[in-house]
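Examination of the molecular architecture
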Amino acid sequence: MTNQSTNGQPPQWQVPSATQPQLGDGDLHLWRIDLADGADGPYWDCLSEDEVTRAQRYRFDRDRTRFVQSRGSLRHILSRYLNRPPAAITFTYGPHGKPSCTPNLSFNLSHSGNTALCALARHRRVGVDVEQYRPITHFSSLARRCLSEAELPAVMHLPEAQQQATFLQYWTAKEAYLKAIGCGLTQSLTSVTLQLSPLRLLSVPEPGNWIVHTISVEQAAAAVVIEGEAKNLQYWRFDVHNP
């Protein structure tokens, strides 16, 4: 298995060569994108008209830059798998806004703070989520709105210093699943019940062979959910300064 990591261990994010990566039917590819202020110049030209319109709606320059970099980086990453220019990729959108571009390639993108993650697989649904660690206001009420009855005691009975980080472990895995099925946060997080140890989904709206992997990212919680076991989990790094 190429550059594979076990759950919770820091992965080795590798910069691919010109001929990499090759995505097989049993593979799961994760891309890390470290977003950088002021590095959106190369990406505007590859965005679609609707993506440019969305970018221009952002009030703050930093938020606009992060959106342009993450969407532009997604296009450059997909171009490696589709063998077409980034600007030539056309997205269609599901009922709740999840993008797709070809029937045999599933992908999902998430970003928080300066980190974006992209997950890709063939012929299987996939979802990814990353959430930057930061103080959560009104934490108790948020936890009660987002955690199921089985999950809530596992968080609230922890020492206070551990509660918010553990809550984000639940959040990212649950949201990654909801993104995989195409709903995202249009569906309540309480519709999903997760067990952290051993890591597995206990109850979901669409039953199946759903596998959860946590992703070790500095100063953030992250998870990816895929439909079926990934025999080959690979970690790649995308350089926003050198697309």
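Our structure is the block above this text.
Parameters at a glance
Every residue gets a number counted from 1 within its own chain, in the order that chain's sequence is written. Owing to the predicted nature of the model, reporting of local features is limited to residues with pLDDT of at least 70; listing and counting of side-chain atom pairs is limited to 80 or more, with chain, interface and lining totals taken over all residues. Based on all heavy atoms of the structure, the side-chain values leave hydrogens and waters out of the count. Note on definitions: salt bridges are taken to be side-chain nitrogens of Lys or Arg within 4 Å of carboxyl oxygens of Asp or Glu. A run of DSSP states H or I qualifies as a helix once it reaches four residues; a run of E qualifies as a strand once it reaches two. Both are numbered from the N-terminal end. Under the scheme applied here, a residue whose accessible area is under 20% of the maximum for its type counts as buried, over 50% as exposed, and between as partly exposed, the area being computed with a 1.4 Å probe on protein chains only. Here the positive residues are Lys and Arg and the negative ones are Asp and Glu; neither His nor the chain ends is included. Here a polar contact means two N or O atoms within 3.5 Å. Within protein one must be a hydrogen donor candidate and the other an acceptor candidate, and residues neighboring in sequence count only if both atoms are side-chain atoms. Two residues qualify as a contact provided that any one of their heavy atoms is within 4.5 Å of a heavy atom in the partner residue. Expected helix span is given by 1.5 Å per residue-to-residue step, counting one fewer step than there are residues. What makes two strands pair is DSSP finding at least two bridges between them. Between the N-to-C directions of two axes lies an angle of 0 to 180 degrees, each axis being a line fitted to C-alpha atoms and, for a helix, fitted only over the stretch in contact.

Looking now at the pattern of salt bridges. Taken as a whole and assessed by the stated rule, the structure comprises ten salt bridges. With a shortest N-O distance of 3.2 Å, Asp37 and Arg62 are connected by a salt bridge. Here Asp37, found in the loop between β1 (27-34) and α1 (49-56), pairs with Arg62, found in helix α2 (residues 61-82); they are 25 residues apart in sequence, far enough to count as distant. Judged by its relative accessible area of 51%, Asp37 is exposed.

Checked against the element boundaries, Asp27 lands in strand β1. Among buried Asp, Glu, Lys and Arg side chains, Asp27 stands out as unpaired, with Arg124 the closest opposite charge at 6.9 Å. There is a polar contact of 2.6 Å between the side chain of Asp27 and the backbone nitrogen of Gly24. The contact partners of Asp27, leaving out residues within four places of it in the chain, are Gln22, Leu120, Ala121, Arg124, Asn232 and Gln234.

Bringing unusual backbone geometry into the picture now. Omega for the bond connecting Gln20 with Pro21 falls within 30 degrees of zero, at -10°, which places this linkage in the cis form. By the secondary structure assignment, Pro21 is in the segment before β1. Cis geometry marks the peptide bond from Ser197 to Pro198; its omega dihedral reads -5°. Turning to its location among the elements, Pro198 is positioned in the loop between β7 (193-195) and β8 (200-203). Here the phi dihedral of His123 falls at roughly 65°; this positive angle occurs in a residue that is not glycine. Position of His123 relative to the elements: it lies in the loop between β5 (115-121) and β6 (126-132). With phi around 60°, Gln219 is a residue other than glycine that occupies positive phi space.

Our next topic: helix α5 (residues 160-180). With 21 residues, α5 should reach 30 Å at 1.5 Å per residue; the first-to-last C-alpha distance of 31 Å fits that figure. The buried count for α5 comes to 15 of 21 residues, which makes it a mostly enclosed element. Trailing α5 by a residue or two, Gly182 shows a phi angle of about 90°, which is positive.

In sheet architecture, strand pairing relies on hydrogen bonds along the backbone and comes in two forms, parallel and antiparallel. As summarised here, the arrangement of the four strands in space is β4-β5-β1-β11, forming an open sheet in which the pairing is mixed. Edge positions in the sheet fall to β4 (106-112) and β11 (232-238), since each has one partner strand and no second. Within this sheet the neighbouring strands show an average axis-to-axis angle of 15°, counted without direction. Where β1 and β11 come together, seven bridges link them in parallel fashion. Looking at the pairing, Leu28 lines up with Leu233 of β11. Most of the contacts of α2 go to β4, to which it runs at about 155°, and overall it touches β1, β4, β5 and β11.

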